[in-house]
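Listed below, chain by chain, are the residues.
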Amino acid sequence: MQLAIGLIIFITTFYLIITEKVPGPIATLLGGLSMALLGIINEHEALNAIGSRLEIILLLVGMMIIVSFVSETGVFQYLALKVAQLVKGEPFPLLVLLAVITAFCSAFLDNVTTLLLMAPVSILLANQLKLDPFPYIMTLIMSANIGGLATLIGDPTQLIIGSEGKIGFNNFMANTAPIAIISMIVLIITVYFMYGRKMVVSRDLKARVMEMDASRSLKNMKLLQESATIFATVIFGFLMNNFIDRGLAIIALSGAVILILITKRDPVEVFKDVGWDTLFFFMGLFMLVQGMEATGLVDIVGHSIIKHTKGNFPLAVSMILWVSALFSSVIGNVANAATVSKIIHFMIPSFKGMNTTTFWWALSMGSLLGGNITLLASATNVVAVSSAAKAGCRITFGKFLKFSFIITVLTLVTANIYLWIRYF
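The shown structure was predicted, so the numbers you read here are calculated from the model rather than taken from an experiment. (Residues numbered from 1 in each chain as written. Predicted model: local features only at pLDDT ≥ 70, side-chain atom pairs only at ≥ 80, totals over all residues. Heavy atoms only, no water.)

A. Structural detail: the environment of Arg265. Its place among the elements puts Arg265 in the loop between α13 (248–263) and α14 (267–271). Non-local contacts of Arg265, meaning those with residues more than four positions away in its chain, are made with Phe69, Glu72, Leu223, Ile260 and Val270. (Helix = DSSP H or I, 4+ residues; strand = E, 2+ residues; numbered from the N terminus. Contact = heavy atoms within 4.5 Å.)

B. Local environment of a nonpolar patch on the surface. A cluster of nonpolar side chains, namely Trp322, Val413, Ile417, Trp420, Ile421 and Phe424, defines an oily patch on the protein surface of about 580 Å² accessible area. It is helix α21 (residues 397–423) that contributes the most residues to the nonpolar patch, four residues altogether. (Patch = residues over 30% accessible without salt bridge, like charges linked within 9 Å, V, L, I, M, F, W, Y side chains within 5 Å. Areas by Shrake-Rupley, 256 points an atom, 1.4 Å probe, with all protein chains shown as cover. Salt bridge = Lys/Arg side-chain N within 4 Å of Asp/Glu carboxyl O.)

C. Quick look at the environment of Leu259. Relative to the helices and strands, Leu259 resides in helix α13. Leu259 sits in the buried class, given a relative accessible area of 0%. Residues Leu259 and Ile66 lie 193 residues apart in sequence; the distance between their C-alpha atoms is 7.4 Å. If sequence neighbours within four positions are ignored, Leu259 has contacts with Ile66, Phe69, Glu226, Ser227 and Ile230. (Buried < 20%, exposed > 50% of the residue type's maximum accessible area, 1.4 Å probe, protein only.)

D. Up close: the pattern of salt bridges. Applying the stated criterion to the full structure yields five salt bridges. With a closest N to O distance of 3.9 Å, Glu164 and Lys342 form a salt bridge. Residue Glu164 is located in helix α9 (residues 156–165), and its partner Lys342 is located in helix α18 (residues 333–347); the two are separated by 178 residues in the primary sequence. A single burial state applies to Glu164 and to Lys342, both of which are buried.

E. Molecular detail of unusual backbone geometry. Unlike most non-glycine residues, Lys130 shows phi in positive territory, near 55°. Turning to its location among the elements, Lys130 is positioned in the loop between α7 (111–128) and α8 (134–148). Notably, Lys264 is not glycine yet its phi reads approximately 55°, a positive angle. Secondary-structure assignment places Lys264 in the loop between α13 and α14. Judged by relative accessible area, Lys264 falls into the exposed class, the value being 76%.

F. Just the packing of α8 against helix α10 (residues 169–194), in detail. One can describe the packing of α8 onto α10 by two numbers: an axis separation of 10 Å at closest approach and a directional angle of 165°. Here α10 runs roughly antiparallel to α8, going by the angle between their axes. Seen from above, α8 lies across α10 with right-handed handedness. Residues Thr139, Met142, Ser143 and Ile146 of α8 pack against Ala180, Ser183, Met184, Leu187 and Val191 of α10. For the contact of α8 with α10, the residue count by class is six nonpolar, three polar and no charged. (Axes fitted to C-alpha atoms, helices over the stretch in contact; angles between N-to-C directions. Parallel < 35°, antiparallel > 145°, perpendicular 65-115°, else oblique. Left-handed = near helix turned anticlockwise from the far one by under 90°. Nonpolar A, V, L, I, M, F, W, Y, C, P; charged D, E, K, R; others polar.)

G. Local environment of the packing of aromatic side chains. Enumeration according to the criterion identifies 16 aromatic pairs in this entry. Relative to Phe193, the ring of Tyr192 has its centre 5.4 Å away and its plane inclined at 75°; by these criteria the two rings are edge-to-face. On the basis of relative accessible area, Tyr192 is assigned to the partly exposed category, the value being 34%. Ring pairs connect the aromatic residues Phe313, Phe351, Phe359 and Phe424, which therefore count as one cluster. (Phe/Tyr/Trp six-rings, centres within 6.5 Å; stacked < 30°, edge-to-face > 60°.)

Spatial relationships are all this shows, so hold off on functional conclusions.
Quick look at the structure:
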């Protein structure tokens, strides 16, 4: 009975999210609170589900504040225009460099924020060159998700995996950054054969781009120096955390507080830029997943994977990769990471003596690369498509899937091969 009620709550929650009948944060909070109100979990378990992952919440708060300061300076727009002029308005090289910048920024900044800044610029440049902005937007979306795979802070999904697997910043860089780079190469080559050969631009249009003044995008040089210094210091702190052991949340919050102090900003105004909707989405999600674990569903799925793999560790790792990608396409990669993390915890004791950390890398790759497959698979996708629509580039669910499907499958196959070669 408990399992049936839990499944109904879980499915209803994601139906509300996918159909957008209820805002995501409200849907997950309703789902999580329903688990507690109907007695599947008690208040202590519900609050502990949030408290045990408080580092994720506070790390996000710190990075959101720092990124909001950086975005004010216009440095993203400046870089995009400089890139266009660097390639002299050549359309496909422009797409490649915009994609690389987006992926790199997404590895160290919030990828939703990165796309909110990069998407309008890419549409502007495509329109200037009289090109269809669709392949530009789609390539940037996929680059953001792939770039988020490279580091612990590249995507909220990574923070969940890092917290559940007790994995540090440097370990992510060493294990997931290589496949992120390889996946970017796969993406760029595939986009070239799909769209790149058809991109032709006249000399007059290229000249128009060369005449644009990139320096006008920079709004506050003093703030740029201050925010860039703090941001660089925070990233250095992340890299050194294995040695100084201060905690990523403490480092990020410290950077945010210092930046508020040196810029003499009103905290009330600064806190308006924090994505509270994202934070409450996670709080509800953590309670919801705790409820699903209490129903025994996680154990059932874990048992099923163990049964079908029959102790074959490489096959089990591959199943985590592909199951994660499939789940991400339906319920979103954040919810997938939170759910499959529990399945991995259940499976680990059955593979004693194996390098079970590989399960976490498979989950990371399945979640982030699988986050490219449908419009609803990642919050990044939804935000970017919404931003594109405001700029006159409408992307439907079907159009998104037609572009993304082949690329996602190719990157997942590449990731599977990477896992086999590196860890077995």
